[in-house]
Amino acid sequence: MSETPLENVVIIGSGPAGWSSAIYAARAQLNPVVYEGAITEENRMAGTLPLGQLALTSEVENFAGFPAGNLSGFLDSALPANRRGMMAPHAGEGVTGPELMELMRQQAVNFGTRVITDDVAKVDFSTNPFRLFPSAGGEVQAKCVIVATGASANWLGLESEERFKNRGVSACAVCDGALPRFRNKELVVVGGGDSAVEEATYLTKFASRVHLVHRRDELRASKIMAQRAIDDPKVEIHFNSTLEEVLGDDANGVTGVRLGSTDSANEATTIEVAGVFLAIGHTPNTAFLDGQLETNEKGYLVWKKHFRTNTSVDGVFAAGDVADDYYRQAISAAGTGCMAGLDAERWLAHG
Ligand code: NAP
């Protein structure tokens, strides 16, 4: 009979928080293992494939250290000639989300992180060593766990939305926007945050027109991103509007939408569109924890010590979007991943 392996640190999740905690734990010689998630259709639909939400985005303009734009003058004056080549692949190009994630993964692997392409389906935090049960079967034990499972896109919950998922309804423009069914067609994006305007402007690459449907009279998105959507001649913003029904049929998938109005002066309208993209926020990926860690009222994991990543169970730490309903940025997730790696190291050293 094979023995249950006992790990120092198991990191669950493979976004910027997971890889940053792995880099710190590996450099501290803790020999960490990362469960990066399983590659399944179920995870694809839920938006929980390995490498997290950044793998579903396009250009990342705000991760410090990966600038886009003209760098040549800077590089010539700031770096000695023999160091300029190092910057060449990204000089001026910026970085995309998938590239950034692959780089972080490789950085963690280079320091000795072991990576398992599977989900942790269940945990038992009632005893230490903690018990973890991967989807593929078996059990792993860990002295210390870092939960970095992120958050996934929300859906409106309409029956018609469910009916046309994968046939014109999507929660990820970057994953699905280039599909032939959306080319040169009118499309709808629902939401008013950064994700919605980012998706709307991204979709203008393929669509003839993008209708941004937002329930209020002003966008929540940051000014710079909102202005980009407002200025884009291919984006039409429908304020005070709600998606009431996705229209379509079995042969064609989505053919239109029925919009309602939150403003009594406006009537409901129908628009012919080939696709509907939801960008209405996220829910933290905590179901596998089965309530064993304390959460806030929105379901996000709670840090129990000020500016430390300790959760309600001693020896379990949380990093990234699964514990952050406020900043939700790649760089803040990476930062809290670093904190969790250091917290785990110190906890293992001192208890
Ligand atoms: P968000 O900021 O929470 O925005 C969600 C949007 O969906 C809001 O406009 C909200 O409307 C709307 N909404 C929520 N539930 C709805 C419902 N049931 N029906 C209709 N509309 C609904 O989420 P996000 O845009 O995904 O952004 C999350 C975080 O990631 C933010 O911190 C954002 O800055 C960041 N982000 C950054 C970038 C970037 O910098 N490149 C890109 C994407 C996301 P209300 O406004 O009325 O609440």
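Residues numbered from 1 in each chain as written. Predicted model: local features only at pLDDT ≥ 70, side-chain atom pairs only at ≥ 80, totals over all residues. Heavy atoms only, no water.

Some points on the overall build of the protein chain
Along the backbone of the protein chain there are 10 helices and 19 strands. Taking 351 residues into account, the globule formula puts the C-alpha radius of gyration at 20 Å, and the protein chain, at 22 Å, falls close to it. If one aligns the C-alpha atoms of the protein chain with their principal axes, the spans along those axes are about 65 × 55 × 40 Å. Among the 351 residues that make up the protein chain, the fraction classed as buried is 46%. Split by element, the accessible area of the protein chain, about 17,500 Å² in all, is 49% carbon and sulfur. In the protein chain, which carries 30 positive and 44 negative side-chain charges, the distance between the mean positions of the two groups comes to 4 Å. (Helix = DSSP H or I, 4+ residues; strand = E, 2+ residues; numbered from the N terminus. Rg over C-alpha atoms; globule rule 2.2 N^0.38 Å. Buried < 20%, exposed > 50% of the residue type's maximum accessible area, 1.4 Å probe, protein only. Areas by Shrake-Rupley, 256 points an atom, 1.4 Å probe, with all protein chains shown as cover. Lys, Arg positive; Asp, Glu negative; His and termini not counted. Charge placed at Lys NZ, Arg CZ, Asp CG, Glu CD.)

Brief notes about the packing of aromatic side chains
For any two aromatic rings, the description comes down to two numbers: the centre-to-centre distance and the angle of the planes. By the definition in use, this model includes five aromatic pairs. Ring geometry for Tyr-202 versus Phe-206: centroids 5.5 Å apart, planes at 70°, classification edge-to-face. You'll find Tyr-202 and Phe-206 in the same group, each marked buried. Taking the ring centre of Phe-133 as reference, the NZ or CZ of Lys-122 above it sits at 5.1 Å. A cation sits over an aromatic face here: Lys-165 above Trp-155, 4.1 Å from the ring centre. (Phe/Tyr/Trp six-rings, centres within 6.5 Å; stacked < 30°, edge-to-face > 60°. Lys NZ or Arg CZ within 6 Å of the ring centre and 35° of its normal.)

Observations concerning helix H1 (residues 16-27)
Taking 1.5 Å as the rise per residue, H1 with 12 residues should run 16 Å; its terminal C-alpha atoms sit 16 Å apart, in good agreement. For H1, every residue scored as buried is listed here: Pro-16, Ala-17, Gly-18, Trp-19, Ser-20, Ser-21, Ala-22, Ile-23, Ala-25 and Ala-26. In this fold, the buried residues of H1 make contact with strand E1 (6-12), strand E2 (33-35), helix H5 (97-110), strand E5 (114-116), strand E8 (140-147) and helix H10 (330-350). Two residues or fewer after H1 comes Gln-29, characterised by a positive phi angle close to 65°. (Expected span 1.5 Å × (residues − 1). Contact = heavy atoms within 4.5 Å.)

What to know about the site of the ligand
What surrounds the ligand is a group of 20 residues, the closest being Asp-194, Ser-195, Arg-215, Arg-216 and Arg-220. Asn-62 places a side-chain nitrogen or oxygen 2.9 Å from an oxygen atom of the ligand. Here Arg-216 contributes a side-chain N or O atom positioned 2.7 Å from an oxygen atom of the ligand. If the ligand stood free it would expose 920 Å²; the protein chains cover 77% of that surface. Sort the elements by how many residues they give to the shell around the ligand and helix H8 (residues 194-203) lands first, with three residues. Of the residues that make up the shell around the ligand, three or more belong to each of domain 1 (6-153 + 282-350) and domain 2 (159-278). (Near = heavy atom within 4 Å. Polar contact = N/O pair within 3.5 Å; in protein donor to acceptor, adjacent residues only side chain to side chain. Domains from an automatic or database assignment.)

Considering the pairing of strand E13 (residues 235-238)
Inspection of the sheet shows strand E12 (residues 209-213) paired to E13 by four bridges, in the parallel sense. Residue pairing across strands places His-211 opposite Glu-236, the latter belonging to E13. Remark: the E12/helix H9 (residues 223-231)/E13 crossover connection has right-handed handedness. (Pairing = 2+ DSSP bridges. Right-handed = clockwise from strand over helix to strand, strands pointing away.)

Some details on the environment of Glu-7
Structurally, Glu-7 can be placed in strand E1. Taking the C-alpha atoms as reference points, Glu-7 and Ser-77, 70 residues apart in sequence, are found 47 Å from one another. Engagement of the side chain of Glu-7 in a polar contact is seen with the side chain of Arg-114, the distance being 2.6 Å.

Examining the domain arrangement of the protein chain
What the domain assignment reports for the protein chain is domain 1 (6-153 + 282-350) and domain 2 (159-278). Placing the centre of domain 1 and that of domain 2 at their C-alpha centroids yields a distance of 31 Å. Each side of the interface is counted separately: domain 1 has 10 residues, and domain 2 has 11 residues. Between domain 1 and domain 2, the buried area comes to about 740 Å², and carbon and sulfur atoms account for 50% of it. The tally of links from domain 1 across to domain 2 stands at one residue pair in polar contact (both at pLDDT 80 or more). Here the side of domain 1 that touches domain 2 takes three residues from helix H2 (residues 41-46), the largest share from any one element. Broken down by class, the residue content of the side of domain 1 that touches domain 2 amounts to three nonpolar, three polar and four charged. (Buried area = accessible area lost by both parts, 1.4 Å probe. Nonpolar A, V, L, I, M, F, W, Y, C, P; charged D, E, K, R; others polar.)

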